[in-house]
Amino acid sequence: MDIRWLQDFLAVAETGNFTRAASERNASQAAFSRRIQSLESWLGVALIDRSVFPTRLTIEGERFRDQAAVILRSLLDTRTELGKEPVTRRDQVRLALPHALATGRLPGWWSDWSEGRALSCQLVPGNVHDTVTSLVAGEVDMLVCFHHAQQPIHLDPDVYERVELGTEKLRPYAAQHVAETFSFPGTAAAPLPLLGYSHGTYLGRMVDLAIETSAQPFFGTPVFKSDMADVLRELVLTGAGVAWLPDCTARKAGDSLVVLDDDKWAVTLSIVAYRDRNNVSRALNRLWAAIDN
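Throughout this document, residue positions are counted from 1 along each chain, in the order its sequence is written. Under the rules for a predicted model, residues below a pLDDT of 70 receive no local features and side-chain atom pairs below 80 are neither given nor counted, while totals for whole chains, interfaces and linings still include all residues. With hydrogens and water set aside, each side-chain value is computed from the structure's full complement of heavy atoms.

On to the confidence of the model for the protein, then. Across the chain, each position has a pLDDT score giving the predictor's confidence in that residue, from 0 to 100. Averaged over the protein, the pLDDT score is 89; the fraction of residues at 70 or greater is 96%. Low pLDDT, under 50, characterises residues 86–90; the predicted model gives this stretch 9 contacts beyond four residues in sequence or across chains. The criterion used for residue contact is that any of the two residues' heavy atoms lie within 4.5 Å.

Here is the structure:
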């Protein structure tokens, strides 16, 4: 048994796509497929139904999915406990967050969550999709991410417990020194320079939702794209264009950024914490008690 077999299987189970899963695992599709086949051979059952598209698990694959996550988490925990890290595993919580929440919210949260609880944190930042995959694969203990009814996070409530931590608004911002030159929401003749999110990112889909549901049309010309809200904020500060930013990201710039319009162009996102109900980590239980009050 190779630990990578379990990680590969959980990746394809989450994405439903061999090519995307192989890319996320930094493996060629041929090597990735061989490792999945090795796992199936070791177990003696087919885990992936290759006769249909998109890819889906067999009945045996669905049954094995939760067990694979438990096995992987146990192996990773044991490896950490047997290592030479100065902080013991039982005191450490592996926490996954999107970049915007990691920089904009976590420092304040962690001060409250860890006070008097003898906790340490291993932060695993990433985009929303990757952080969800990390939780499902058992690579982290807790996930905190955005949630919206039209772009929900699909995690089985029988397996994953959740707590809502608050809300965050995503709104259009510009640098104060150039804001008056931007006639928001732009015109066909004078579209606004748009600093946007990379294709397929969660916040990018939320910006699309804000634009699609507005009573007015938005006219913009994409001039830069990034996965990270912090990068877009720094570009906005230079006067390079307009970007929809979470308020927690924009606040780090102080008064140098201004909202271009009222809440007609805003999207309100929930912030939700998730944990696997089968995870019996004492450190996680202490952290969960801190946030669930």
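On to helix 6 (residues 106–114), then. Regarding helix 6, the residues found buried are Leu-106, Trp-109, Trp-110, Trp-113 and Ser-114. Summarising the axial view, the buried residues of helix 6 lie within an arc of 105 degrees, below the 170-degree limit, and thus occupy one face. Exposed and facing more than 90 degrees away from the buried side of helix 6 are Pro-107 and Asp-112. Following helix 6 by one or two positions, Gly-116 has its phi on the positive side, about 70 degrees. Relative accessibility decides the category of a residue: with a 1.4 Å probe and only protein chains considered, values under 20% of the type maximum give buried, values over 50% give exposed, and everything between is partly exposed. Runs of H or I in DSSP of at least four residues are treated as helices and runs of E of at least two as strands, each being numbered from the N terminus. Working note: the arc is built from the helix axis to C-beta atom directions.

Moving on, we get to the pattern of salt bridges. It is possible for side chains bearing opposite charge to pair when their charged atoms get close. A carboxyl oxygen of Asp or Glu within 4 Å of a side-chain nitrogen of Lys or Arg is what we treat as a salt bridge. Using the criterion set out here, one finds 14 salt bridges in the structure. Between Asp-49 and Arg-56 there is a salt bridge; the shortest N-O distance is 3.8 Å. The partner of Arg-171 in a salt bridge is Asp-247, and the shortest N-O contact between them spans 3.1 Å. One end of the pair, Arg-171, is in strand 6 (residues 160–175); the other, Asp-247, is in helix 10 (residues 247–251), with 76 residues separating them in the sequence. In this pair, the class of Arg-171 matches that of Asp-247, namely buried.

Bringing helix 11 (residues 282–291) into the picture now. Regarding helix 11, the residues found buried are Ala-283, Leu-284, Leu-287, Trp-288, Ala-290 and Ile-291. In a view along the axis of helix 11, the buried residues occupy a sector of 155 degrees, so they form one face of it. Where helix 11 is buried, its residues touch strand 3 (92–98), helix 6, strand 5 (142–147), strand 6 and strand 11 (267–276). Polar contacts, as used here, are pairs of N or O atoms within 3.5 Å; protein pairs need one atom able to donate a hydrogen and one able to accept it. Residues neighboring in sequence count only if both atoms are side-chain atoms. Among the residues of helix 11, the N-terminal cap falls to Ser-281, whose side-chain oxygen and the backbone nitrogen of Ala-283 are separated by 3.4 Å.

This part is about the nonpolar core. Side-chain atoms within 4.5 Å link the members of a nonpolar core, which is a set of buried Ala, Val, Leu, Ile, Met, Phe, Trp, Tyr and Cys residues. By size, the foremost hydrophobic cluster in this structure holds 70 residues, and its most contacted members are Trp-113, Met-142, Val-144, Leu-155 and Trp-244. Listed in part, the 23 residues of the second largest apolar core include Phe-9, Phe-64, Ala-68 and Ala-69.

With that out of the way, let us pick up the side chain of Ser-270. Following the sequence through the fold, Ser-270 ends up in strand 11. For Ser-270, a relative accessible area of 18% corresponds to the buried category. Among the polar contacts made by the side chain of Ser-270, one reaches the side chain of Glu-164 at a distance of 3.5 Å.

Under this scheme, a helix contributes an axis fitted over its contacting stretch, all axes are lines through C-alpha atoms, and angles between N-to-C directions fall in the 0 to 180 degree range. At a minimum axis distance of 9 Å, the contact between helix 1 (residues 3–15) and helix 3 (residues 29–43) shows a crossing angle of 105 degrees. Relative to helix 3, helix 1 is oriented roughly perpendicular. On helix 3, the residues that touch Arg-4, Trp-5, Leu-6, Asp-8, Phe-9 and Val-12 of helix 1 are Phe-32, Arg-35, Ile-36, Ser-38, Leu-39 and Trp-42. Residues are grouped as follows: Ala, Val, Leu, Ile, Met, Phe, Trp, Tyr, Cys and Pro are nonpolar; Asp, Glu, Lys and Arg are charged; all remaining types, including Gly, are polar. Taken together, the residues of the contact of helix 1 with helix 3 sort by class into 8 nonpolar, 1 polar and 3 charged. Relative orientations are named as follows: roughly parallel for angles under 35 degrees, roughly antiparallel for angles over 145 degrees, roughly perpendicular for angles from 65 to 115 degrees, and oblique for any other angle.

Planes of paired rings set the category: under 30 degrees apart is stacked, over 60 is edge-to-face and the rest tilted, where pairs are Phe, Tyr or Trp rings (Trp by its six-membered ring) whose centres lie within 6.5 Å. In total, this model carries 9 aromatic pairs according to the counting rule given. Seen in terms of ring centroids, Phe-9 and Phe-64 are 5.5 Å apart; in terms of plane orientation they differ by 45 degrees. Their pairing is tilted. One end of the pair, Phe-9, is in helix 1; the other, Phe-64, is in helix 4 (residues 59–82), and 55 residues separate them in sequence. Take Phe-9: its relative accessible area is 0%, and that puts it in the buried class.

The next subject is unusual backbone geometry. In this structure, Pro-185 follows Phe-184 across a cis peptide bond, with omega equal to 10 degrees. With phi around 50 degrees, Ala-118 is a residue other than glycine that occupies positive phi space. By secondary structure assignment, the location of Ala-118 is in the loop between helix 6 and strand 4 (120–126). On the basis of relative accessible area, Ala-118 is assigned to the exposed category, the value being 58%.

Bringing the layout of surface pockets into the picture now. In this analysis the probe radius is 1.4 Å and the grid spacing 1 Å, with only protein atoms considered; a cavity is a set of points the probe fits into but cannot get out of, a pocket is an open set with protein on both sides within 12 Å along at least five of seven lines, and lining residues have an atom within 4 Å of a point. Grid points are joined across faces, edges and corners, and a volume is the space filled by probe spheres set on the points. Here the largest pocket is characterised by a volume of approximately 640 Å³. Looking at the lining of the largest pocket, the elements with two or more residues in it are helix 1, helix 4, helix 7 (128–136) and helix 8 (202–213). Residues belonging to the lining of the largest pocket are distributed by class as follows: 11 nonpolar, 9 polar and 8 charged.

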